[in-house]
Amino acid sequence: MHTRKYGGVSQTRIASIMQCMFPYKQFAEAEAETSKKAAEVEHILVAATSTSRCVPADGNTHQGMPQWTQSERQKFQAVLLQCSCWEVDYANEFIKSTKCGMQTSNPDSICDACLVVSLDDSLLHAIRKVRLCIVVLSY
Ligand SMILES: [Zn+2]
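Right, let's walk through the structure included here. (Residues numbered from 1 in each chain as written. Predicted model: local features only at pLDDT ≥ 70, side-chain atom pairs only at ≥ 80, totals over all residues.)

Observations regarding the environment of Val117
Piece 1. In this structure, Val117 sits in helix 5 (residues 112-117).
Piece 2. C-alpha separation for the pair Val117 and Cys100, spaced 17 residues apart in sequence, amounts to 9.7 Å.
Piece 3. Beyond its immediate sequence surroundings of up to four residues, Val117 is in contact with Cys85, Trp86, Ser97 and Leu123. (Helix = DSSP H or I, 4+ residues; strand = E, 2+ residues; numbered from the N terminus. Contact = placed C-beta atoms within 7 Å.)

Below, the structure is given as C-alpha cells:
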C-alpha cells in the first residue's frame, strides 16, 4: 500500500471533515471549536456524513487516526481525495493532480491538470515547508 498525502486541504478543513464523518468520536475541544462552522459546510460535501453518535459496527471511538478502523481510514481518505488538489505518492516518489488522467499527449509528458497543480500555491508552500526536492511527474 502506498503512503499518500493529500494536498491543498487546510488542517481546519480536515478537522471539520473528520467531525462530519465521525460524530461518535470525541475530538479535542479546540479542534472542534475552530472547525464548527466549516463542519456545517462539509455536511453538504461529505456524502458519508452520519448524524448518529452511535458507534457503527465498522468504527470505534478512538480520536487518533492510527487507531481508527481500516474502514474509517478508507472512507476518510476517499473523501479527502475528493477535496484535495494534489497528492503525494511517497512510494513512487511523485506528486500529481487529483484530477490527473494518467495519460497525455503533451510533449513534456505532464498533463494539463498536473501542470496547473505544479503552480498551485498550497503545493509550493508545502514544498518550501518540508524543503524536499520533489519532481512533479505524470504519465
Ligand atoms: Zn497528470
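Having seen the model, we can carry on.
Details of the packing of helix 1 (residues 11-21) against helix 4 (residues 70-83)
Piece 1. Where helix 1 contacts helix 4, the axes come no closer than 11 Å and their chain directions differ by 135 degrees. Here helix 1 lies oblique to helix 4, going by the angle between them. For the crossing formed where helix 1 meets helix 4, the hand is right-handed. Seen from helix 1, the contacting residues are Arg13, Ile17 and Met21; seen from helix 4, they are Lys75, Phe76, Val79, Leu80 and Cys83.
Piece 2. Taken together, the residues that form the contact of helix 1 with helix 4 break down as 6 nonpolar, no polar and 2 charged. (Axes fitted to C-alpha atoms, helices over the stretch in contact; angles between N-to-C directions. Parallel < 35°, antiparallel > 145°, perpendicular 65-115°, else oblique. Left-handed = near helix turned anticlockwise from the far one by under 90°. Nonpolar A, V, L, I, M, F, W, Y, C, P; charged D, E, K, R; others polar.)

A look at the pairing of strand 3 (residues 94-97)
Piece 1. Direction of pairing for strand 2 (residues 86-89) relative to strand 3: antiparallel, over a ladder of 4 bridges. Looking at strand 3, one finds that Glu87 is bridged to Lys96. (Pairing = 2+ DSSP bridges.)

Focus: helix 4
Piece 1. With 14 residues, helix 4 extends 20 Å between its outermost C-alpha atoms, agreeing within 8% with the 20 Å of an ideal straight helix rising 1.5 Å per residue.
Piece 2. Taken residue by residue, helix 4 has Glu72, Val79 and Leu80 as its buried positions. Viewed along the axis of helix 4, the buried residues span an arc of 100 degrees, placing them on a single side of the element. Exposed side chains of helix 4 directed beyond 90 degrees from the buried face belong to Gln70, Gln74 and Ala78. (Expected span 1.5 Å × (residues − 1). Buried ≥ 20, exposed ≤ 12 C-beta atoms within 10 Å, placed from the backbone. Arc of directions from axis to C-beta.)

Some points on the environment of Tyr24
Piece 1. Within the fold, Tyr24 resides in the loop between helix 1 and helix 2 (29-34).
Piece 2. Look at Tyr24 and you get partly exposed, because 14 C-beta atoms sit within 10 Å.
Piece 3. Distance in space between the C-alpha atoms of Tyr24 and Gly59 is 9.0 Å, their sequence separation being 35 residues.
Piece 4. If we ignore the near neighbours within four places in the chain, the residues touching Tyr24 are Arg53, Cys54, Val55, Gly59 and Thr61.

Comments concerning unusual backbone geometry
Piece 1. Positioned with a positive phi, Met102 is a non-glycine residue whose angle comes to about 65 degrees.
Piece 2. Checked against the element boundaries, Met102 lands in the loop between strand 3 and helix 5.
Piece 3. For Ser109, which is not a glycine, the phi torsion comes out positive at approximately 65 degrees.
Piece 4. Structurally, the position occupied by Ser109 is in the loop between strand 3 and helix 5.
Piece 5. Since 12 C-beta atoms lie within 10 Å of it, Ser109 is described here as exposed.

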